[in-house]
Protein chains: 2
Amino acid sequence: MDVTGHTNSDSRSGSAREPRRAASIRDVARAAGVSYQTVSRVINGHPNVREETRHRVEAAIQSLGFRRNPTAFALASGVTRSLTVLTSNTTLHGYAATLQGVEEAARAAGYALGVKVLTPEDDLDRTMSSAAAEGGGLLVIGFDPLGAAALERAPADVPCAAVVEAPPPGRTPPRPAVWADDREAARAATAYLLELGHRTVHYLAIPTSVGARRPEGPRAQGWRAALESAGITPPDPHGGTGWDAQVGYDEGRRLAEDPEITAILCGNDDLALGVLRALHHAGRAVPGDVSVVGFDDAPHSAFLTPALTTVRMDFQGLGRDAFALLHGQLESGHLPPEPTFAGTDLIVRESSGPVGG
Amino acid sequence: MDVTGHTNSDSRSGSAREPRRAASIRDVARAAGVSYQTVSRVINGHPNVREETRHRVEAAIQSLGFRRNPTAFALASGVTRSLTVLTSNTTLHGYAATLQGVEEAARAAGYALGVKVLTPEDDLDRTMSSAAAEGGGLLVIGFDPLGAAALERAPADVPCAAVVEAPPPGRTPPRPAVWADDREAARAATAYLLELGHRTVHYLAIPTSVGARRPEGPRAQGWRAALESAGITPPDPHGGTGWDAQVGYDEGRRLAEDPEITAILCGNDDLALGVLRALHHAGRAVPGDVSVVGFDDAPHSAFLTPALTTVRMDFQGLGRDAFALLHGQLESGHLPPEPTFAGTDLIVRESSGPVGG
DNA sequence: CTGAAAGCGCTTACAG
DNA sequence: CTGAAAGCGCTTACAG
């Protein structure tokens, strides 16, 4: 079966109709019998306007269906109630959920949201400066090397905030940023597996924001720390080449060949999904033979069979808080609130259990 | 475990630094020893500029790091190389993939992308007119009643395109739109199940764009048509209340109780995931006792156990084509190409098979 | 081929 | 409390 798609380019209702000019403040002024400056005062909630004048203007605004032109406002005032989020991805769970959080907060604050996707092909400096030229603020999702590089290159004179992986202890991101404690979460997840009786835990890594310069992201560091503090020499981490289930499956096939391996911590739930599938193909039971723990708590993870044990991350909260950080820079006097996002949480489901259980 | 998140509001590198004004065309003109109109001609690739003058101006642009202010350009020219996509969701597979397709096409064309999320709480007319006031075009994702309503209310004088569910035969959407043939795809998927020997096929519906006025979306219609043309009276469809796995699970529990049911077509893969889980809990084997077919081919569906039989939809292609439709309206002379997006495809995997097989 | 003028729709001082 | 002026950074005719 191959069903062809359809299109309807009927332009009767398209661009044919005469684009009647929208009402401007001068139109409103004329209708209300005032100068256009007064209209400006009214729409900006300026105090010094006589009650009756204000009413006349408001009536004219209503009847003409006037809406202030955001472009003209931005040009004249230098204020842009908008932000553009820079991200290398919009569909992976962590990115999409973060974006969703940013969007909610932006909408609540009356900000328009722009999205610019970062690609290795595009010149980063051009991308950054064109994003900056749009006015408004920059919000970068710095979960990967591309995002981290973008954050590094954000022009110093433009308001910018970020959500990032947990930075190394004692270091801070180049710009105001929020993060969840990936490191501690990975440590705790690993410790949980150890307590179950597993002699060691293998780690299947996601690519991280630190890239090739230093292949150990915070999740890997937390995993390593847990093993070391239990006196266990960490095995070499696996993966690091991609985020999706296919990578998890490929790595999982290799992992499945080693009967000594009884516990695998995955850098995200997609990787874990692939590992589950590989283990199944190899005839190894989960959690009977091997325990699998994911990261992020993607929407489908609770419905897998076995349901996936994973670390829940509040990406939406991170997105909201990053917006608050940016909002504070954009509107002086609007102080960023204390971050209220919840932490991380280990959600124990069915894919993990006692060794040999 | 509950690990608290962190924030870094260090503003040293934030808004403290003096926001040095960016170079304007007047600055460039002064540096090049020409009038600023000439600079305008150069940056707009106007032909009538002497070779040497052009070089001088370009050199000045380089050395000053000049970039044209998009806001001023938009205000003066009335042209906005931007569009805003209106959607009720950004994370569900179909929406996210469509958005991704739009983004790719927009980026390739040099358009800035805005996103406005539609909610039942916000006043639709206000939302629409504020989106329209931003300038540029509107691209609405009309998979649900909210999106469909937005498309209906798009101001007639603003360029607009949409991606929608397949409209009823003979009817066309209110504005130029693209769609895949959901109806035919559902018919084919149902026919496939019937050929396997199932005596009937049950349908678990997604909410559709037609909403309550007419509860039968194109996928349901295709399913119904397939049954009827095989001389089978369609059972009542189930679901219709939500898109996610939880809904699928709840409905699945009910479906699992009826031993007569051997084949279930689901309106999307998330619903199917929930059904799979419910069937497992009820002790019914897939595909041994019950065949399950999904819709959309979400990224994780191929890695489930059993891997999900589903209908692949080219949402990215739909997004790209919808952009082309809008692009054609925004830039006269830029004719929308023939839609090239692939159709739908039934992907047979492990969750479906012969009845009693 | 190039410059001087007017204007896009708004705001921000400055007068009264 | 309200109006007249200048300007945000660009473009589009209009002159030369």
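In this text, all values refer to a predicted model and were calculated from it rather than measured experimentally.

## Considering the pattern of salt bridges
Residues and elements named next belong to chain A.
Moving on, step 1. If you walk through the whole model with that rule in mind, you get 30 salt bridges over all chains.
Moving on, step 2. Notably, a salt bridge pairs Arg254 with Glu251, separated by 3.4 Å at the nearest N-O pair. Remark: Glu251 and Arg254 occur in helix H10 (residues 245–257); sequence separation between them is three residues, near one turn of the helix.
Moving on, step 3. On the basis of relative accessibility, which here comes to 51%, the residue Arg254 falls in the exposed class.
Moving on, step 4. Sharing partners across several salt bridges, the network here consists of Arg50, Glu52 and Arg56.

## Quick notes on the packing of helix H1 (residues 25–32) of chain B against helix H2 (residues 36–43) of chain B
Residues and elements named next belong to chain B.
Moving on, step 1. Two numbers describe how H1 lies on H2: the axes approach to 8 Å, and their chain directions differ by 105°. The angle between H1 and H2 places the two elements in the roughly perpendicular class. Touching Ile25, Arg26, Val28 and Ala29 of H1 are Tyr36, Val39 and Ile43, all from H2.
Moving on, step 2. Residues of the contact of H1 with H2, tallied by class, amount to six nonpolar, no polar and one charged.

## Considering the nonpolar core
Moving on, step 1. Counting residues in each nonpolar core, the largest one holds 138 residues, and the members touching the most others are Val292 of chain A together with Val292 of chain B.
Moving on, step 2. With residues up to four places along the chain from it excluded, the contact list for Val292 of chain B reads Ile264, Cys266, Ala272, Val275, Leu276, Leu279, Val286, Leu308, Thr309, Ser351 and Ser352 of chain B.
Moving on, step 3. Listed in part, the 18 residues of the second largest apolar core include Leu118, Leu124, Ala132 and Ala162 of chain B.

## Details of the protein's contact with DNA strand C
Moving on, step 1. Neighbouring DNA strand C are 29 residues, the closest being Ile25 and Ser40 of chain A together with Gln37, Arg41 and Thr53 of chain B.
Moving on, step 2. Counted by atom, the contact set of DNA strand C within 4 Å of the protein is 52% sugar and phosphate.
Moving on, step 3. Separating a base nitrogen of DNA strand C from a backbone N or O atom of Ala72 of chain A is a distance of 3.5 Å.

## Side note on the side chain of Glu103 of chain B
Moving on, step 1. Here Glu103 of chain B lies in helix H5 (residues 93–108).
Moving on, step 2. Excluding residues that lie within four positions of it along the chain, Glu103 of chain B makes contacts with Val117 of chain A together with Leu113 of chain B.

## Notes on the pairing of strand E2 (residues 82–87) of chain B
Residues and elements named next belong to chain B.
Moving on, step 1. Counting buried positions over the six residues of E2 gives six, a clear majority of the element.
Moving on, step 2. Side chains Ser82, Thr84 and Leu86 of E2 all project onto a buried face; the interleaved residues Leu83, Val85 and Thr87 project onto the opposite face, where all are buried too.
Moving on, step 3. Sheet topology places E2 next to strand E3 (residues 112–117); six bridges connect them, and they run parallel. In the sheet register, Leu83 faces E3, and the bridge partner there is Leu113.
Moving on, step 4. Taken together, E2, H5 and E3 constitute a β-α-β crossover, and its handedness is right-handed.

Calculation rules
Residues numbered from 1 in each chain as written. Chains lettered and ligands numbered in written order. Predicted model: local features only at pLDDT ≥ 70, side-chain atom pairs only at ≥ 80, totals over all residues. Heavy atoms only, no water. Salt bridge = Lys/Arg side-chain N within 4 Å of Asp/Glu carboxyl O. Helix = DSSP H or I, 4+ residues; strand = E, 2+ residues; numbered from the N terminus. Buried < 20%, exposed > 50% of the residue type's maximum accessible area, 1.4 Å probe, protein only. Axes fitted to C-alpha atoms, helices over the stretch in contact; angles between N-to-C directions. Parallel < 35°, antiparallel > 145°, perpendicular 65-115°, else oblique. Contact = heavy atoms within 4.5 Å. Nonpolar A, V, L, I, M, F, W, Y, C, P; charged D, E, K, R; others polar. Core = buried A, V, L, I, M, F, W, Y, C linked by side-chain atoms within 4.5 Å. Near = heavy atom within 4 Å. Polar contact = N/O pair within 3.5 Å; in protein donor to acceptor, adjacent residues only side chain to side chain. Pairing = 2+ DSSP bridges. Right-handed = clockwise from strand over helix to strand, strands pointing away.

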